[in-house]
Amino acid sequence: MLNPVKFTGPCKGFIAVRINGDLKASTDTSVETWITFKYVDRLLVDGGGTVDGQGAAVWSKANCIHNHRVCRPLPISMAFYFVTNSKISNLNMINSKGVHLKLFSCQKFVIREIKITAPENSPNTDGISIAESQDIKVRHCKIACGDDCVNMLTGNKNVDIFNVACGPGHGISVGSLGHSLGESSEVTGLHVKNCSFRGTTNGLRIKTWAPSGPGLVSNILYEDIHMENADNPIIIDQQYCPSRDCNNQAQSSIQVKNVTFRNIWGQSSTPVAVNFRCSSKAPCLQFKLQNIHLAYNGREGILKSECRNVHGQSYGQGQPLGCF
């Protein structure tokens, strides 16, 4: 049993923290983070052990489950703030109360061989959440959770995600962005390669609020992706609003451009396998679909793509055909 703990630098030289056994969190929900690392350079966290957030003890008590407007976030299992030239690897993370692993304002950070497991219906249990960070690599991870497997918030540059198995979960997401009308949002330089999605509610997703503050999502490449019964394999949602009191006429001010989807195959569990729901105020630009081969395994019609306010090109004899 481990109570909330903070490891705060700066430190002299290389630091290694090894977790060899099973760590269990208390049921305290008053803290933001259970295990925190701050202001450290050249840090290694590994060991092969298990980090158990014991989320099942508190999930049922969260009366505001999935109400993003009023729900107080439950504690993050492990967070890194202002950590550079560092790596976390070879750990099992299970049943976080909230987000399992969070990076904020980190640089040159590697996440490798992390296994994350939580029930599909657990509330807001994102696998990996990244914000305001640069030169981040996520490698050889297996993530099953109740929210986004990997979630990229604003301020990220040069994030490389390779060989991540996602499912169940809400896919690999950029956003949601633009919730605060007075702040600008930006994500540039994302590469997602050789990943798989199994039984997810989304696959590759970019989501922005409407209305929103200004912003930019650009230079995004998704390639060599396998979908197995994903609800929305490819989706751009610029009218993201998880609550019911939304203005359907509002438009996002965030520009999404230079996005490529290449070599994506498998099965969609919904008939709309490619859904580009972009903003009329800031249409999506420079989109490319290349070698898309998806099949629909349901009975609600034929496989199709839908486009709104998007400019782009399709290459090859893909399925579904592009709708630019």
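What you see is a predicted model, and the numbers here were worked out from it, not measured in a lab. (Residues numbered from 1 in each chain as written. Predicted model: local features only at pLDDT ≥ 70, side-chain atom pairs only at ≥ 80, totals over all residues. Heavy atoms only, no water.)

1. Some details on the UniProt feature "active site" (unreviewed entry) in the protein chain
Alright, step 1. The UniProt record annotates "active site" (unreviewed entry) at His170.
Alright, step 2. By the secondary structure assignment, His170 is in the loop between strand E14 (156–166) and strand E15 (172–177).
Alright, step 3. Residue class for His170 comes out partly exposed when judged on its relative accessible area of 22%.
Alright, step 4. Contacts of His170, omitting those with residues within four sequence positions, involve Gly146, Asp147, Asp148, Cys149, Thr201, Asn202 and Arg205. (UniProt positions renumbered as here; feature names shortened; annotations may be inferred. Helix = DSSP H or I, 4+ residues; strand = E, 2+ residues; numbered from the N terminus. Buried < 20%, exposed > 50% of the residue type's maximum accessible area, 1.4 Å probe, protein only. Contact = heavy atoms within 4.5 Å.)

2. What to know about the pattern of salt bridges
Alright, step 1. Inspection of the entire model under this criterion finds 13 salt bridges.
Alright, step 2. Between Arg112 and Glu113 there is a salt bridge whose closest N-O contact spans 3.9 Å.
Alright, step 3. A relative accessible area of 29% means that Arg112 is categorised as partly exposed. (Salt bridge = Lys/Arg side-chain N within 4 Å of Asp/Glu carboxyl O.)

3. Quick notes on the state of the cysteines
Alright, step 1. Here the structure, examined in full by the defined rule, presents three disulfides.
Alright, step 2. Residue Cys149 pairs covalently with Cys166 via a disulfide, S to S 2.1 Å. Since a negative S-S torsion denotes a left-handed disulfide, the Cys149-Cys166 link at about 80° is right-handed. Taken together, the residues span a long stretch of sequence, with Cys149 in the loop between strand E12 (134–144) and strand E13 (150–152) and Cys166 in strand E14 at a distance of 17 residues. Both residues of the pair, Cys149 and Cys166, belong to the buried class.
Alright, step 3. Cysteine Cys141 shares no disulfide, and the gap to the nearest cysteine sulfur, in Cys195, comes to 9.5 Å.
Alright, step 4. On the basis of relative accessibility, which here comes to 1%, the residue Cys141 falls in the buried class.
Alright, step 5. The thiol of Cys145 is unpaired, and the distance to the nearest cysteine sulfur, on Cys149, comes to 4.4 Å.
Alright, step 6. For Cys145, a relative accessible area of 1% gives the class buried. (Disulfide = S-S within 2.5 Å.)

4. Some details on the environment of Pro320
Alright, step 1. Of note, Pro320 is situated in the segment after strand E24 (310–315).
Alright, step 2. Exposure remark for Pro320: the relative accessible area of 6% places this residue in the buried category.
Alright, step 3. Apart from the residues lying within four places of it in its own chain, the contact partners of Pro320 are Ala273, Val274, Ile292, Leu294, Leu303, Lys304 and Ser305.

5. As for the packing of aromatic side chains
Alright, step 1. Taken as a whole and assessed by the stated rule, the structure comprises twelve aromatic pairs.
Alright, step 2. With a centroid separation of 5.0 Å and 15° between ring planes, the pair formed by Tyr222 and Phe261 is classed as stacked. With a gap of 39 residues between them, Tyr222 in strand E18 (residues 215–230) and Phe261 in strand E20 (residues 254–268) connect regions that are remote in the sequence. A single burial state applies to Tyr222 and to Phe261, both of which are buried.
Alright, step 3. Centre to centre, the rings of Phe261 and Phe276 are 5.7 Å apart; their planes meet at 35°, and the pair counts as tilted. Of this pair, Phe261 sits in strand E20 while Phe276 is found in strand E21 (residues 272–277), placing the two residues 15 residues apart along the sequence. No difference in accessibility class separates Phe261 from Phe276, as the two residues are buried.
Alright, step 4. Within the aromatic cluster, the residues linked to one another by ring pairs are Tyr222, Phe261, Phe276, Phe287 and Phe324. (Phe/Tyr/Trp six-rings, centres within 6.5 Å; stacked < 30°, edge-to-face > 60°.)

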